[in-house]
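This is what each chain is made of:
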Amino acid sequence: MRPWLIPLAGAIAGTASSTASADEFGLQRLTGLASAYVSTNLEALRNDFALALSEAQQLGAAIAAALSDGTAVRSVTFALILVVVGAGLEWLYWTFAAAPLRAVINRTATTPRHAVGLALRRLGYLGFGVMLFTASTVGAALILPWPPNVDALVITATALVVAVRSTWIIADVVVSPHHPSLRLAAIQSYRSTFVVSGVAWLTVLAATALLVPQLLTTVGSASHLAGAVRVGMGGLVTVSLLAAVRIASRREDGRDNERRRRPRFPKALIASFVIVATAILALLGGGRTAAVLVDIAIVAALLGASKRIVFFFWRDATGSDDDKTATETSPDMLPVIVLAVVRFATLVAGAAGLILIMQVPLAELTSGSNPFAQFALQVADTVALGFVVYLGWIAIRFAIDRRLRQLAPLDPHSPATENTRLLTLLSLLRTTLAIVFVTLFALSALWTLGVQIAPLLAGAGIFGLAIGFGAQTLVRDVISGVFFLIEDVFRIGEYIESGATTKGTVEHISFRTVALRHHNGPLTFVPYGLLGTVRNDSRDWVIDKFNIPLPLSVDSEKIRKMIKGIGEDLTLDPELGPLIREPLKGKLYRVDPGVKIFRCKFMTAPGCQFDLRTAALKKIEAALAEAGISFASAGPETIFVRKAPDP
């Protein structure tokens, strides 16, 4: 056997070594290609900066030549005509629209949703002015006989102005620095002006980085100068973003220190890393990778801030600025549904952005011939399935939570009703449905992504069987709890006893245990399998009995009528009367040496017998004192008998 094993081992070792060599060769080749690509981009970048000065000089000479032959004068004249036409029509518009706009701005929004309506009106007035300026300027530019290549310069300048003005208007409407009641975002007043100015500045840089290099390439044939301008503008954008992140994080840290919150993960570090990584990738020629990173970062940021953004418009109803508290105290289901829709739309927009960045053709996207397109469609189906499941879960959870808010808190001294049973079962139903929804969604998502779930189901069955044999106590506790709840043995708020020491008020019910609060305070968690026989002291009604020792000389019938009258008076009491099921009655129970024992009893709601007993004893004591009857002594009595004189 040894001569046969040696060649086999050598073949296996040779195959493994050849596979490892192939993998190593592939990695080296990929590294070499990436290094060559980066080197080429860096060389092109160096050439752009080296030749940018000469191209700028040539462009300056061309501009000087245009100035000498009168082309620049005509171009400036036409540009002034454009400004006069655009600004004149917009000024004419504002002579009529300024008063309604001031009326909208001077109004005070009562709720954030009211502010949305006012913001849409402001945006309509301001946006129509920008549209009128743009249409008149572009129309006049198309009519005028421009010199060669000047029309492209004019269109670029117009686009730059319109982009900056539009962004400024949107930021001003959303943030409203000078009108806090019209604000549409949870931004502090000290940040509002900074946000508007920062957005306008970044728009100027981004528009310049996009439009000016394109203009230099097409009109001035200065591709190297365009590349240098693009890199310079990108550097300014990166520095501006890093500065904005630094300023925002510094102010946020100061507010956190004032509020003494516990330290959180530095979001500024993540934002700075994404900004620097995007800039480096774009500089090295990985523009598509940088765009993918930006798309993912934007989607993650929007998903993280979506709850705060949405619930900001319902803060008047929730009365809380905290995200978690606002979600729990939301009085209607609409904000939760809007939050789900916003998150789903964000994911869809992010996926669409990735498809556009990867430049996947529509034919490949529909036919599924492209692996990336096929995977993107599967992910989209999974996201859509998750959205539908989440909406269903929102509806069910909201209905259960609303019902629980209506039921709780319950008076522990009130009689048991169906509300106590609902309060017991609804929390368990919510947890059970959550587990069912998550399980079904996980299996459906795997099936949508092309994963065969039949082996997983078989493996889960075998695994569950093994757990069932290995955890018999756990299975016994769960099954016992199911039957306890089905048979309605106890509910939350009821006082139960099981065994000699296990007793208390039911505070919480889980899948395996029940939490009992002892009347002295300790909280005991008892597995269902250990409860055994359960005595419920809070169900339906309770009969309370107590004894009254009176002297032998009292009239038994008179005492019985007195106790009966006290019971009738208690039934007429506005607070204690509704709790009485059977009124207080008393009768002669037994006669001991020197003492008559009267037994009193009444029927009341569970847990109310102590208050009723106290009230009954007070009234009995007052009635006996009024009749001149005292309680008999519980101890031995000494009776003195006077001896009769001898005859």
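Since the model is a prediction, treat every value here as computed from it, not as a measurement.

Some thoughts on the packing of aromatic side chains
Applying the stated criterion across every chain yields a total of four aromatic pairs. Here Phe 344 and Phe 387 contribute two aromatic rings whose centre-to-centre distance is 4.3 Å and whose plane-to-plane angle is 20°, an arrangement assigned as stacked. One end of the pair, Phe 344, is in helix α11 (residues 334–358); the other, Phe 387, is in helix α13 (residues 371–407), with 43 residues separating them in the sequence. Of the residues examined, Phe 344 reaches a relative accessible area of 23% and is grouped as partly exposed. On the basis of relative accessibility, which here comes to 19%, the residue Phe 387 falls in the buried class. Each member of the aromatic cluster is reached from another via a ring pair, and the members are Tyr 93, Trp 94 and Phe 128. Of note, Arg 165 hangs over the ring of Phe 133, and the distance from its end group to the ring centre comes to 5.6 Å. Over the ring of Tyr 589 we find Arg 599, and its NZ or CZ is 4.1 Å from the ring centre.

With respect to the confidence of the model for the chain
Predicted confidence across the chain gives a mean pLDDT of 76, with 77% of residues reaching 70 or more. Taking the mean pLDDT of every element in the chain, the minimum, 48, falls on helix α10 (residues 323–329) and the maximum, 90, on strand β8 (residues 595–604). Between residues 318–329, whose pLDDT stays under 50, and residues either more than four places distant or in other chains, the model counts 15 contacts.

Describing the sheet that holds strand β1 (residues 495–498)
Ordered in space as β4-β3-β2-β1-β5, the five strands form an open sheet in which the pairing is antiparallel. One side of each edge strand has no neighbouring strand; the edge strands of this open sheet are β4 (523–527) and β5 (535–536). With four bridges joining them, strand β2 (residues 502–509) and strand β3 (residues 513–517) adopt antiparallel strand pairing. Bridged to Thr 505 within β3 is Arg 517.

Let's talk about the sheet that holds strand β6 (residues 542–550)
Here three strands make up an open sheet; going across it, the order is β6-β8-β7 and the pairing antiparallel. Either end of the sheet is taken by a strand with one partner, and the two such strands are β6 and β7 (580–592). Going from strand to strand, the sheet's axes swing by 20° on average, the running direction of each strand aside. Sheet topology places β6 next to β8; nine bridges connect them, and they run antiparallel. Bridge pairing in β8 links Lys 545 to Lys 601. Across the sheet, helix α17 (residues 556–571) lies against β6, β7 and β8, angled at about 160° from β7, the strand it touches most. Lying on the sheet, helix α18 (residues 609–627) is in contact with β6, β7 and β8; it crosses β6 at an angle near 25°.

So, α18
Between its terminal C-alpha atoms α18 stretches 27 Å, which fits the 27 Å expected from 19 residues at 1.5 Å a residue. Residues Gln 609, Leu 612, Ala 615, Ala 616, Ile 620, Ala 623 and Leu 624 constitute the buried set of α18. On an axial view of α18, the arc spanned by its buried residues comes to 165°, and they lie on one face. Of the exposed residues in α18, those oriented more than 90 degrees away from the buried face are Lys 618 and Ala 625. Residues of α18 that are buried in the fold lie against β6, α17, β7 and β8. Gly 628 sits one or two residues past α18 and shows a positive phi near 75°.

Section: the pairing of β4
Bridge analysis of β3 against β4 gives five bridges, and the strand direction is antiparallel. Residue Arg 517 lies in a different strand from β4, and its bridge partner there is Leu 523. Turn length for the β3-β4 hairpin, with the two strands adjacent in sequence and antiparallel, is five residues, and the turn residue Gly 521 shows positive phi of about 120°.

As for the nonpolar core
Counting residues in hydrophobic clusters, the biggest one holds 23 residues, and the most contacted among them are Ala 109, Leu 118, Leu 126, Ile 169, Val 173, Leu 184 and Phe 313. At five residues, helix α3 (residues 112–143) tops the list of elements feeding residues into this core. Residues in contact with Val 173, not counting those within four places in the same chain, are Ala 119, Arg 122, Leu 123, Leu 126, Leu 182 and Leu 184. Listed in part, the 22 residues of the second largest apolar core include Phe 546, Leu 550, Phe 602 and Ala 616.

Remarks on the side chain of Thr 208
With respect to the element layout, Thr 208 can be found in helix α5 (residues 189–218). Owing to a relative accessible area of 17%, Thr 208 belongs among the buried residues under this scheme. A polar side-chain atom of Thr 208 sits 2.6 Å from the main-chain carbonyl oxygen of Val 204. Look past the residues within four positions of Thr 208 in its chain and what remains in contact with it is Leu 160, Pro 213 and Met 233.

Focus: a nonpolar patch on the surface
A cluster of nonpolar side chains, contributed by Phe 375, Val 379, Leu 446, Leu 449 and Val 451, occupies part of the molecular surface with about 370 Å² of accessible area. Judged by its relative accessible area of 36%, Val 451 falls in the partly exposed class.

Some points on the side chain of Thr 203
Within the element layout of this structure, Thr 203 appears in helix α5. Relative accessible area serves as the criterion here: at 14%, Thr 203 is assigned to the buried category. If we ignore the near neighbours within four places in the chain, the residues touching Thr 203 are Ala 163, Val 164 and Thr 167.

A word on the packing of α3 against helix α4 (residues 150–175)
Running from N to C, α3 and α4 cross one another at 175°; their axes reach a closest spacing of 10 Å. As far as their axial angle goes, α4 and α3 are roughly antiparallel. Contacts between α3 and α4 involve Ala 119, Arg 122, Leu 123, Leu 126, Val 130, Phe 133, Thr 134, Thr 137 and Ala 141 from the first element and Val 154, Ile 155, Thr 158, Val 161, Val 162, Arg 165, Ser 166, Ile 169, Ile 170, Asp 172 and Val 173 from the second. Counted by class, the contact of α3 with α4 contains 13 nonpolar, four polar and three charged residues.

What counts and how
Residues numbered from 1 in each chain as written. Predicted model: local features only at pLDDT ≥ 70, side-chain atom pairs only at ≥ 80, totals over all residues. Heavy atoms only, no water. Phe/Tyr/Trp six-rings, centres within 6.5 Å; stacked < 30°, edge-to-face > 60°. Helix = DSSP H or I, 4+ residues; strand = E, 2+ residues; numbered from the N terminus. Buried < 20%, exposed > 50% of the residue type's maximum accessible area, 1.4 Å probe, protein only. Lys NZ or Arg CZ within 6 Å of the ring centre and 35° of its normal. pLDDT = per-residue confidence, 0-100. Contact = heavy atoms within 4.5 Å. Pairing = 2+ DSSP bridges. Axes fitted to C-alpha atoms, helices over the stretch in contact; angles between N-to-C directions. Expected span 1.5 Å × (residues − 1). Arc of directions from axis to C-beta. Core = buried A, V, L, I, M, F, W, Y, C linked by side-chain atoms within 4.5 Å. Polar contact = N/O pair within 3.5 Å; in protein donor to acceptor, adjacent residues only side chain to side chain. Patch = residues over 30% accessible without salt bridge, like charges linked within 9 Å, V, L, I, M, F, W, Y side chains within 5 Å. Areas by Shrake-Rupley, 256 points an atom, 1.4 Å probe, with all protein chains shown as cover. Salt bridge = Lys/Arg side-chain N within 4 Å of Asp/Glu carboxyl O. Parallel < 35°, antiparallel > 145°, perpendicular 65-115°, else oblique. Nonpolar A, V, L, I, M, F, W, Y, C, P; charged D, E, K, R; others polar.

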